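For reference, the chains in residue letters:
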Amino acid sequence: MPETPLLDMQDVHKTLGGKHILQGMTLQVHRGETLVIIGRSGIGKTVTLKHMVGLMRPDRGKVFIEGRDITTLRDRDLDQIRMKFGMLFQNGALLNSLTVGENVAMPLREHERLPEEEVRRLVREKLALVELHDVEDMMPGILSGGMKKRVGLARAIVRNPEFILYDEPTAGLDPIMSNAINELIVNMKNTLGVSSVVVTHDMPSAFRIADRIAMLRKGRIIKVGTPAEFLETDDPVIKQFVYGEEEGPDEPSE
Amino acid sequence: MAKKAESPSDWVTDAFEGAGYTCSVFASTVLAFGGILNRRRELLYHVYAFGCGALPVTVLVAIFTGMVVTFQTGLALYRIGQASQVGVLVPLAMCREMGPVMTCNILAGLLGSRIAAEIGTMNVSEEIDALRVMSINPIDYLVMPRFLAMCIVCPMLTLYADFIGIIAGALVARTQLDVSTQAYLSNAREVLEFRDIYSGLLKALVFGALTAAVACSQGLRTEKGAEGVGVATMRTVVISSVLILVSDYILGWFCNVFLGVGA
Ligand SMILES: Nc1ncnc2c1ncn2[C@@H]1O[C@H](COP(=O)(O)OP(=O)(O)O)[C@@H](O)[C@H]1O
Ligand SMILES: [Mg+2]
């Protein structure tokens, strides 16, 4: 019998604002792997991530985390499960009324009793991992989009979660910074055994970090496979996306 | 996203949904009171910010409320030759009714909209989702401290408004109605009972709790999009002002029957 997947989405449907966004989404994430979800803008990648942590509940279908059905859990029980999670939001989702340092320290201050010096040291350490230095006292409002995202990443990893969800971690970053973030994601997997789901449409980044890639289209996963399988595919829809070709079944605008 | 015009039945469904949600937010908030010691920093901050933010307007409103009430009751009493008795009516009216209702109506506009806009903006910018993922319950972290702060600030400012309104009344009595300050104040001291004051403060406490529950729940269910926060803010002010008036009547009856606040 295969081991229970870390995360298991079964036939999830979701309608938002009158649009049927997820139409029977089925996807598993296994322990220790990095799964990359690709797909066009507005297709429902962020919505998928929100279902994985119970921020949205499916209209139909189930989401299991370590075999436990989270679709019917109450908020307080979900909080227990989320302790193992870190999530990077697409826009960083920093608390705008707190400084950068307070933002990153928040999970520590809320859930752990650490001496103040230790908190500061950890905050500095995690900010350095995303190449940010001496930003602790700045307010999020004055940071660039890319910097906010990196602060959000530092906050997501500050308590060394076992499972991290990244929503477009490299979008809006320059190529050198993107590489640094890719290396960070790969390192966390290799050194800490973290499992991750990464949403992206940055194909070089996807090929660098993925153990498996899943492509989302029209509310469903149309293909899951290794990066090599994606490179060798004959499917015109996938080739068009992977190689960024102009000609293909999908129109640039819908 | 452009919305179709709402039909009356949509409106009713929506209103009931909103009311139900507000009640559930209120219930979770009450259940979260146990954690207040962990949030004392937030609580103190909100008490201070709300109190200082609302103080100037409260003073202004209290002055004019006291003046209007004194002037109009004075004129009415003048007709029956009893203008000197204005010191009996104004302090009672101020403490039981005008102080709590006028103050808390202004606070519903000022602080209710502020709370709804704050939480609504956080909701739209995914800050609340971020809190949830960090296993920080938004009721504990955002709602409960603001709720308790409103329950403290509303009676505090009301007490202050009562006092200022009575003083302003004394000035109008002297300059417009020819009632000496001494006569006015000795009337006031004679007629005013402790329960007139605390029944008014009890009202203010309930008004503050109602406003906070409406504001927080409207903020938490703000819809994404540019209009969302504006709609949540507007609804907060309208709903809490109406609720204040309706509950004022019910509370007046309650105070009369159960607390002996009467003739
Ligand atoms: N809370 C919401 N209410 C209404 N519509 C939503 C909501 N969240 C997302 N959507 C819609 O769902 C679709 C997918 O969104 P999203 O998952 O953010 O796309 P992406 O794949 O670019 O991350 C979009 O059309 C968006 O407008
Ligand atoms: Mg997205």
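Model, not experiment: these values are computed from the prediction.

## A short note on the packing of aromatic side chains
Line of reasoning, step 1. Summed over all chains, the structure comprises 6 aromatic pairs over all chains.
Line of reasoning, step 2. Relative to Phe-258 of chain B, the ring of Trp-253 of chain B lies with its centre 6.2 Å away and its plane at 85°, an arrangement referred to as edge-to-face.
Line of reasoning, step 3. The exposed category is assigned to Phe-258 of chain B, whose relative accessible area is 55%.
Line of reasoning, step 4. An aromatic cluster is present here, built from Phe-26, Phe-33 and Phe-147 of chain B joined pairwise through their rings.
Line of reasoning, step 5. Cation over ring: Lys-223 of chain A sits above Phe-230 of chain A, and NZ or CZ is 5.7 Å from the ring centre.

## Considerations on unusual backbone geometry
All names here are of chain A.
Line of reasoning, step 1. Of note, the phi angle at Asp-11 is positive, near 50°, even though the residue is not glycine.
Line of reasoning, step 2. Within the secondary structure, Asp-11 is located in strand E1 (residues 7-16).
Line of reasoning, step 3. For Asp-11, a relative accessible area of 35% translates into the label partly exposed.

## Overview of the site of ligand 1
Line of reasoning, step 1. Close contacts around ligand 1 come from 13 residues, with Lys-19, Gly-42, Lys-45, Thr-46 and Val-47 of chain A the closest.
Line of reasoning, step 2. Mapping the residues adjacent to ligand 1 onto the chains of the assembly identifies chains A and B.
Line of reasoning, step 3. Contact between ligand 1 and Lys-19 of chain A: an oxygen atom at 3.0 Å from a side-chain N or O atom of the residue.
Line of reasoning, step 4. A distance of 2.9 Å separates an oxygen atom of ligand 1 from a polar backbone atom of Val-47 of chain A.

## Re the interface of chain A and chain B
Line of reasoning, step 1. Chain A puts 21 residues into the contact, and the matching count from chain B is 18 residues.
Line of reasoning, step 2. Contact with chain B buries surface across chain A, with Arg-76, Leu-95 and Glu-110 of chain A losing the most and accounting together for 24% of the total.
Line of reasoning, step 3. For the pair chain A and chain B, the number of links is 4 salt bridges.
Line of reasoning, step 4. For the salt bridge of Asp-129 of chain B with Lys-50 of chain A, the shortest nitrogen-to-oxygen distance reads 3.1 Å.
Line of reasoning, step 5. Connecting chain A to chain B are 9 residue pairs in polar contact (both at pLDDT 80 or more).
Line of reasoning, step 6. Take the side of chain A that touches chain B: its biggest share by element is 4 residues, from helix H3 (residues 100-111) of chain A.
Line of reasoning, step 7. A class-by-class count of the residues in the side of chain A that touches chain B yields 11 nonpolar, 4 polar and 6 charged.

## Comments concerning the pattern of salt bridges
Line of reasoning, step 1. One pass over the full model with this rule turns up 29 salt bridges over all chains.
Line of reasoning, step 2. Across the pair Arg-217 of chain A and Asp-250 of chain A runs a salt bridge, and its minimum N-O distance is 2.8 Å. Residue Arg-217 of chain A is found in strand E9 (residues 212-217), and its partner Asp-250 of chain A is found in the segment after helix H9 (236-243); the two are separated by 33 residues along the sequence. Take Arg-217 of chain A and Asp-250 of chain A: they sit in the same class, and that class is buried.
Line of reasoning, step 3. Two residues, Glu-118 of chain B and Arg-114 of chain B, come together in a salt bridge whose shortest N-O distance is 4.0 Å. Taken as a pair, Glu-118 of chain B and Arg-114 of chain B lie in helix H3 (residues 86-124) at a separation of 4 residues, close to a single helical turn.
Line of reasoning, step 4. Taking the relative accessible area as the measure of exposure, Arg-114 of chain B reaches 29% and is therefore partly exposed.
Line of reasoning, step 5. Shared partners join several salt bridges into a network, and the residues in it are Glu-118, Arg-121, Glu-125 and Lys-126 of chain A.

## A word on the nonpolar core
Line of reasoning, step 1. Residues Met-106 of chain A together with Leu-131 and Tyr-141 of chain B are the most contacted members of the largest nonpolar core, which totals 45 residues.
Line of reasoning, step 2. Counting residues in hydrophobic clusters, the runner-up holds 43 residues, among them Leu-122, Ile-157, Ile-181 and Ala-210 of chain A.

## Focus: the environment of Thr-48 of chain A
Line of reasoning, step 1. Along the chain, the position of Thr-48 of chain A falls in helix H1 (residues 45-52).
Line of reasoning, step 2. Once residues within four sequence positions are removed from consideration, Thr-48 of chain A is found in contact with Met-9, Leu-22, Met-25, Ile-37 and Leu-216 of chain A.

## Thoughts on helix H8 (residues 226-258) of chain B
All names here are of chain B.
Line of reasoning, step 1. Compared with the 48 Å implied by 1.5 Å per residue over 33 residues, the 47 Å span of H8 between its first and last C-alpha is a close match.
Line of reasoning, step 2. Taken as a whole, H8 has its buried residues at Gly-228, Val-229, Ala-232, Thr-233, Thr-236, Ser-240, Ser-241, Ile-244, Ser-247, Asp-248, Leu-251 and Cys-255.
Line of reasoning, step 3. Buried residues along H8 sit against H3 and helix H7 (194-220).
Line of reasoning, step 4. Note on H8: the residue one or two positions beyond its end, Gly-260, has a positive phi of about 65°.

## Examining the coordination of the magnesium ion (ligand 2)
Tetrahedral coordination by four donors sets the ideal angle at the metal to 109.5 degrees; octahedral coordination by six donors sets it to 90 or 180 degrees.
Residue and element names in this part refer to chain A.
Line of reasoning, step 1. Within the protein, the magnesium ion (ligand 2) binds to Thr-46 (OG1) and Gln-90 (OE1); these donor distances fall in the range 2.0 to 2.3 Å. Of this pair, Thr-46 sits in helix H1 while Gln-90 sits in the loop between strand E6 (85-88) and H3, and the two are 44 residues apart along the sequence.
Line of reasoning, step 2. Residue classification places Thr-46 among the partly exposed residues on the basis of a relative accessible area of 21%.

## Quick look at the packing of helix H5 (residues 145-157) of chain A against helix H6 (residues 175-192) of chain A
All names here are of chain A.
Line of reasoning, step 1. For the pair H5 and H6, the least separation of the axes is 13 Å and the interaxial angle reads 10°. Regarding the angle of H5 to H6, the classification is roughly parallel. Here Arg-150, Leu-153 and Ile-157 of H5 lie close against H6, whose contacting residues are Met-177, Ile-181, Leu-184 and Met-188.
Line of reasoning, step 2. A class-by-class count of the residues in the contact of H5 with H6 yields 6 nonpolar, no polar and 1 charged.

## Comments concerning empty space enclosed by the protein
Line of reasoning, step 1. On inspection of all chains with the given rule, the structure shows 2 cavities of 30 Å³ or more.
Line of reasoning, step 2. By volume, the largest cavity is sized at about 170 Å³.
Line of reasoning, step 3. Residue lining of the largest cavity: 18 residues in total, with Phe-85, Gly-86, Pro-107 and Ala-156 of chain A together with Met-134 of chain B positioned closest to the centre.
Line of reasoning, step 4. Those elements giving two or more residues to the lining of the largest cavity turn out to be E6, H3 and H5 of chain A together with helix H4 (127-133) of chain B.

Criteria and cut-off values
- Residues numbered from 1 in each chain as written.
- Chains lettered and ligands numbered in written order.
- Predicted model: local features only at pLDDT ≥ 70, side-chain atom pairs only at ≥ 80, totals over all residues.
- Heavy atoms only, no water.
- Phe/Tyr/Trp six-rings, centres within 6.5 Å; stacked < 30°, edge-to-face > 60°.
- Buried < 20%, exposed > 50% of the residue type's maximum accessible area, 1.4 Å probe, protein only.
- Lys NZ or Arg CZ within 6 Å of the ring centre and 35° of its normal.
- Helix = DSSP H or I, 4+ residues; strand = E, 2+ residues; numbered from the N terminus.
- Near = heavy atom within 4 Å.
- Polar contact = N/O pair within 3.5 Å; in protein donor to acceptor, adjacent residues only side chain to side chain.
- Contact = heavy atoms within 4.5 Å.
- Buried area = accessible area lost by both parts, 1.4 Å probe.
- Salt bridge = Lys/Arg side-chain N within 4 Å of Asp/Glu carboxyl O.
- Nonpolar A, V, L, I, M, F, W, Y, C, P; charged D, E, K, R; others polar.
- Core = buried A, V, L, I, M, F, W, Y, C linked by side-chain atoms within 4.5 Å.
- Expected span 1.5 Å × (residues − 1).
- Donors = N, O, S within 2.8 Å, 3.2 Å for Na, K, Ca; no water.
- Axes fitted to C-alpha atoms, helices over the stretch in contact; angles between N-to-C directions.
- Parallel < 35°, antiparallel > 145°, perpendicular 65-115°, else oblique.
- 1 Å grid on protein atoms, 1.4 Å probe; cavity = no way out; pocket = protein on both sides within 12 Å on 5 of 7 lines; lining within 4 Å.
- Points joined across faces, edges and corners; volume = space filled by probe spheres on them.

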